[in-house]
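Remarks on the overall topology
As a plain string of letters, each chain reads:
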Amino acid sequence: MIVLNGGSSSGKSSIARRLQELLPEPWLHLGADTMVSALPPRLLAGGEGIGGLADGNGTVEVGPAFAALDAAWTVGVAAMARAGARIVVDEVFLGEAASQQRWRTALEGLDVLWVGVRCAPEVAAAREAARGDRVAGMAAAQAESVHRGVSYDLVVDTSQASADDCARLILAR
């Protein structure tokens with residue numbers, strides 16, 4: 001398993017796709033966006049689900065139904081890895097260190113490379129604006145907060161290096 005953690009628009013998905021191209025064996029790319037896209041629409045409007053993805057000031061709020069499904073998702077991804085799937089997880093640790101701990105518990109006993117994907121807030125914000133599919137402010141709000149209290153085996157910075165260069169650093173590790 002490779003776990004990439006970084007804020008919105010930090011370049012995690014680009015790195016994951018590049019890793020899929022470079023790694024000799026097939027690897028699945030799963031992550032926060034995969035999980036959110038599988039949710040029923042009623043959980044995308046806040047409340048018991050997840051809020052702030054379509055409107056607001058860039059702050060994402062997680063309700064109890066989303067939290068329960070997210071916990072189940074984590075355990076399910078770990079089960080896939082235990083069954084032999086190689087997986088690159090593209091994640092946003094909204095709960096900071098507690099989010100990583102949830103993943104660490106689920107992945108106990110597996111070989112995991114923990115990678116912090118950093119990106120300068122202004123660079124992530126420019127990418128966010130260019131994408132047009134994110135709420136303005138989300139990238140800047142998450143750029144530092146998702147890394148608080150989180151420990152990594154490797155940290156890459158996509159505001160200093162390309163997704164290809166970052167993927168190659170991860171492969172070298």
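For the structure given in this document, a descriptive report is provided here.

Cut-offs applied
- Residues numbered from 1 in each chain as written.
- Predicted model: local features only at pLDDT ≥ 70, side-chain atom pairs only at ≥ 80, totals over all residues.
- Heavy atoms only, no water.
- Buried < 20%, exposed > 50% of the residue type's maximum accessible area, 1.4 Å probe, protein only.
- Helix = DSSP H or I, 4+ residues; strand = E, 2+ residues; numbered from the N terminus.
- Arc of directions from axis to C-beta.
- Contact = heavy atoms within 4.5 Å.
- Axes fitted to C-alpha atoms, helices over the stretch in contact; angles between N-to-C directions.
- Left-handed = near helix turned anticlockwise from the far one by under 90°.
- Nonpolar A, V, L, I, M, F, W, Y, C, P; charged D, E, K, R; others polar.
- Pairing = 2+ DSSP bridges.
- Polar contact = N/O pair within 3.5 Å; in protein donor to acceptor, adjacent residues only side chain to side chain.

1. Focus: helix α4 (residues 97-106)
Turning to α4, its buried residues number three or more, namely Ser99, Gln100, Trp103 and Ala106. Projection of α4 onto a plane perpendicular to its axis shows the buried side chains occupying an angular sector of 125 degrees, all on one side. Among the structural elements, α3 (64-82), β5 (87-91) and β6 (113-118) are those in contact with the buried residues of α4.

2. Observations concerning the packing of helix α5 (residues 121-131) against helix α6 (residues 138-145)
α6 packs onto α5 with a crossing angle of 145 degrees between their chain directions and a minimal axis gap of 8 Å. Of the two possible hands of crossing, α5 and α6 adopt the one that is right-handed. Contacts between α5 and α6 pair Pro121, Ala124, Ala125 and Glu128 from the former with Met138, Ala139, Ala140 and Ala143 from the latter. Residue composition of the contact of α5 with α6, by class: seven nonpolar, no polar and one charged.

3. What to know about α6
Among the residues of α6, Met138, Ala139, Gln142, Ala143 and Ser145 are the ones counted as buried. Those residues of α6 hidden inside the fold are in contact with β6 and α5.

4. Here we look at the sheet that holds strand β2 (residues 28-31)
In sheet architecture, strand pairing relies on hydrogen bonds along the backbone and comes in two forms, parallel and antiparallel. The five strands lie next to each other as β2-β5-β1-β6-β7, forming an open sheet whose pairing is parallel. Each having just a single partner strand, β2 and β7 (154-157) make up the two edges of the open sheet. Averaged over neighbouring strand pairs, the angle between their axes works out to 20 degrees when direction is ignored. Both β6 and β7 contribute to a ladder of four bridges, which runs parallel. Across the sheet, residue Gly116 finds its bridge partner in β7, namely Val155. Against the sheet, α3 contacts β2 and β5, and its axis sits at roughly 165 degrees relative to β2.

5. Examining the side chain of Thr158
Its location among the elements puts Thr158 in the loop between β7 and α7 (163-172). Within the structure, Thr158 has its side chain in polar contact with the backbone oxygen of Ser10 (distance 2.4 Å). Filtering out sequence-adjacent residues up to four positions away, Thr158 remains in contact with Ser10, Gly11, Ile15, Val117, Arg118, Cys119, Arg127 and Cys166.

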